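Summary of the model geometry
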Amino acid sequence: MNAVKSLIYRDLCVVKKPITDTLWFIIAMGAAGLLIMLSIRCGNLRPMYEAEDNRLSAEFLMVTMESSFVMTVSIIFLYVAAQSDKKWDNYIISTPLTAEEFAWSKTLVSAASLALALPVGVIYAVAMGAIYPYGTVLPHIRLVLFIVSCLVMLKSVSDISVKYFKSDKAGFAVMGIIAAVVMAVMYIRFIFLADTEDELDIDTLIASLHLEITGSAAPFAAAAVIALTHLVLKALFKRRAD
Amino acid sequence: MAEYENAVEINGLTKKYDGFTLDDISFAVPKGSIMGFVGQNGSGKSTTIKAMLNIIARDDGTVKMLGLDNIENEREIKEQCAAVFDEIPFQDALTAKNLDFIMSGLYKSWNSAKFKEYLERFSLPSKKKIGKFSKGMKMKLQIAAALSHDAKLLIMDEATSNIDTRLESNARLLIMDEATTGLDPVVRNEILDIFLEYMADGERSVFMSSHITTDLEKAADCVTFIDKGRLLLTGYKDDILESHAMLRCTKKDLDEIDKTDYISARTTEFGADVLTADKAAAARKYSGIMIEKPTLEDIILYYVKEKTSKVWTA
């Protein structure tokens, strides 16, 4: 148990920086969420939102977005719990640590990450709900927030990519493919929701891009699966052949 | 802990990879000695050390450390063993104080007081991030961690290049991985002083892997050479140096030397240098040829060359 405590403590020490990054990411995601809500509520999409069928669709998208957000927060912690550090791995394998202790420490950190992500998601949803009735914003402010959210999103992808895949190329390649597919699906869906081509003006486009950005949380979810798989494999096959 | 004569005993160790096989390696590290484990990059040194530490699963053979099987008694052995690697394994975000807490959970015999003593001795700040340490400070920290749990066996992988003669006496077991490479002389001397203290009771052994032979020639009691995954030579360094001889002769003399009498020969424009493993026999048989004592580096080189060509040109 002491060894498990030690490893968790080590993970928490190492995780400080990613937590800071995560906080920025939460702010960016919050801004993106606000933008999407305002776009739907106050932009050219309002008629679409007010139509009963589309209202359901829009709210479905909101739920999806919030879920993505929770997933995104979870993911970063999962990533940290699962991150590979060959030098450290080799070192701790030279200590009396057992595979079970190693697996337990990672499992507990992962569980704690998820437990932390859920209330964060709830707080986020409550904040969104509080803002919802008062939404109105100037287009250029939306644009600035949109760009900022994009940049922070890209930074987060880059961080995860470099740290987890040890290369921004590999990470971006995998995440890029997934993101492209998700964005394409969401874009097609949005065009379908917009109903006519005339409604695809700049506001609609910005709103759709917001959705795409939100949708790009999906690659993080994919990375979570990869990270989790890696975690399990690492725990099970600690003494893997090089 | 069981009574043991050899701190490390490896018999028939085999590990197969695609394109590389560690093939039937056998050697022993006598208790209280320094073993130099020598080979070129990619010769299998790190694979052997990983198999010793059970970081990789071996395909065949046995490994005993401190008298115990390294798999059956893994935890017990590792409690008594410390590894020093050339690359610092501690994350930059950690501090020495964090490390003290982490290590205290990993080793039952972790001695925080001793660790703090080493920190003071090495002038290492306990609350500063390791990422802000110099390379020398990081290495001191790793060594402080290695020596703070009363390890009976210290493994240093690729760490021998800067170990000096003061290590010659009282070694127990130390395994190092390029631990002192790149350190300035002052830091290196400090570290070597600590090692000297560590080995002073004559019970501990040191296992140092390296691809550099000159320092080992001064420091090691025993040496083991491997090349391309195969054992070339193992034994006490002095015995190896005494039994081998370098025959300095002409090319014509070389033609007259029985090929079974030497390991390999190097020809130059001035003549030939021939390494033999039986100095006494060579002295009797080729009395007209000048015989010199080879260096460890010569011996390794000639053994390695033998694998490709019995006679080679410089």
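Quick caveat: nothing in here was measured; it's all calculated off a predicted structure.

Let's shift gears to the overall build of chain A. From N to C terminus, chain A includes nine helices and zero strands. Ordered by position in the sequence, the α and β elements of chain A form the string α-α-α-α-α-α-α-α-α. Scored against the burial criterion, the 242 residues of chain A give a buried share of 38%. Long-range pairs, those at least 24 residues apart, make up 88% of the contacts in chain A between residues at least 6 apart in sequence.

Helix and strand counts for chain B stand at 11 helices and 16 strands. For chain B, contacts bridging at least 24 residues in sequence account for 71% of all contacts bridging at least 6.

Among the nonpolar cores identified, the biggest contains 93 residues, and B:Met35, B:Met65, B:Leu154, B:Ile155 and B:Phe207 are the most heavily contacted of them. When residues of this core are assigned to domains, at least three fall in each of domain 1 (6-237) and domain 2 (244-313) of chain B.

Moving on, we get to unusual backbone geometry. Positioned with a positive phi, B:Asn54 is a non-glycine residue whose angle comes to about 60°. Mapping B:Asn54 onto the fold places it in the loop between helix H1 (45-52) and strand E4 (60-65).

Another aspect to go through is the interface of chain B and chain A. Tallying the contact residues gives 21 residues for chain B and 24 residues for chain A. Counting residues per element, the ones that place at least two in the side of chain B that touches chain A are helix H2 (74-79) and helix H3 (96-106) of chain B. Among the residues forming the side of chain B that touches chain A, the class breakdown is 13 nonpolar, four polar and four charged.

A few words on the sheet that holds strand E14 (residues 272-276) of chain B. Residue and element names in this part refer to chain B. The strand order E15-E12-E14-E13-E16 describes an open sheet built from five strands, whose pairing is mixed. If you trace the sheet from one side to the other, it starts and ends with strand E15 (290-292) and strand E16 (311-313), each paired once. Across this sheet, the average inter-strand angle for adjacent strands is 25°, counted without regard to direction. Pairing geometry for strand E12 (residues 245-249) and E14, over five bridges, is antiparallel. Note that in E14 the partner of Met246 across the bridge is Leu275.

Residue and element names in this part refer to chain B. Here strand E1 (residues 6-17) runs beside E4; their pairing, made up of five bridges, is antiparallel. For Glu9, the partnering residue across the bridge sits in E4 and is Lys64. Bridge count for E4 against strand E5 (residues 68-69) is two bridges, and the pairing is antiparallel. Its bridge partner being in E5, Lys64 is matched across the sheet by Asp69.

Residues and elements named next belong to chain B. On average, chain B scores 84 in pLDDT, and the residues at 70 or more come to 87%. Between residues 160-174, whose pLDDT stays under 50, and residues either more than four places distant or in other chains, the model counts 73 contacts. Our summary of model confidence lists the complex with pTM equal to 0.65 and ipTM equal to 0.73.

The subject of this paragraph is H1(B). Counting buried residues in H1(B) gives eight out of eight residues, a clear majority hidden from the surface. Where H1(B) ends, the next residue or the one after it, B:Asn54, has phi of about 60°, a positive value.

Every regular strand shows the same layout, with side chains that alternate between the two sheet faces. Residue and element names in this part refer to chain B. Pairing between strand E10 (residues 222-227) and strand E11 (residues 230-236): six bridges, direction antiparallel. Bridging across to E11, Asp227 finds its partner in Arg230. The turn linking E10 back onto E11 is made up of two residues, and Lys228 within it adopts a positive phi angle of 50°.

The next thing to look at is helix H4 (residues 112-121) of chain B. All names here are of chain B. Among the residues of H4, those classed as buried are Phe115, Tyr118 and Leu119. Down the axis of H4, the buried side of the element spans an arc of 100°, and every buried residue falls inside it. Facing away from the buried side of H4, by more than 90 degrees, are the exposed residues Ala113 and Glu120. Packed against the buried residues of H4 are H3 and helix H5 (135-146). At the C-terminal side of H4, Ser123 shows a positive phi close to 55°.

For the rest of this paragraph, the subject is the confidence of the model for chain A. Residues and elements named next belong to chain A. Residues at a pLDDT of 70 or more form 17% of chain A, whose mean pLDDT is 59. For chain A, per-element mean pLDDT is lowest for helix H9 (residues 217-236), which scores 50, and highest for helix H4 (residues 86-93), which scores 80. This model gives residues 214-223 a pLDDT under 50, and the stretch forms 32 contacts once residues within four places in sequence are excluded.

Here we come to the environment of B:Val223. Residue and element names in this part refer to chain B. Mapped onto the elements, Val223 comes out in strand E10. Here Val223 falls in the buried class, since 27 other C-beta atoms lie within 10 Å of it. C-alpha of Val223 to C-alpha of Lys237: the two residues are 14 residues apart in sequence and 5.6 Å apart in space. Look past the residues within four positions of Val223 in its chain and what remains in contact with it is Gly36, Val38, Leu216, Lys237, Ile240 and Leu296.

It is worth spelling out the environment of B:Lys108 at this point. By the secondary structure assignment, B:Lys108 is in the loop between H3 and H4. Considering only alpha carbons, one finds B:Lys108 and B:His149, 41 residues apart in sequence, at a separation of 8.0 Å.

All names here are of chain B. With respect to the helices and strands, Asp273 occurs in strand E14. For Asp273, a count of 20 C-beta atoms within 10 Å puts it in the buried group. Note: C-alpha distance between Asp273 and Ile291 (18 residues apart in sequence) is 9.7 Å.

Basis of the calculations
Residues numbered from 1 in each chain as written. Chains lettered and ligands numbered in written order. Predicted model: local features only at pLDDT ≥ 70, side-chain atom pairs only at ≥ 80, totals over all residues. Helix = DSSP H or I, 4+ residues; strand = E, 2+ residues; numbered from the N terminus. Buried ≥ 20, exposed ≤ 12 C-beta atoms within 10 Å, placed from the backbone. Contact = placed C-beta atoms within 7 Å. Core = buried A, V, L, I, M, F, W, Y, C linked by C-beta atoms within 7 Å. Domains from an automatic or database assignment. Nonpolar A, V, L, I, M, F, W, Y, C, P; charged D, E, K, R; others polar. Pairing = 2+ DSSP bridges. Axes fitted to C-alpha atoms, helices over the stretch in contact; angles between N-to-C directions. pLDDT = per-residue confidence, 0-100. Arc of directions from axis to C-beta.

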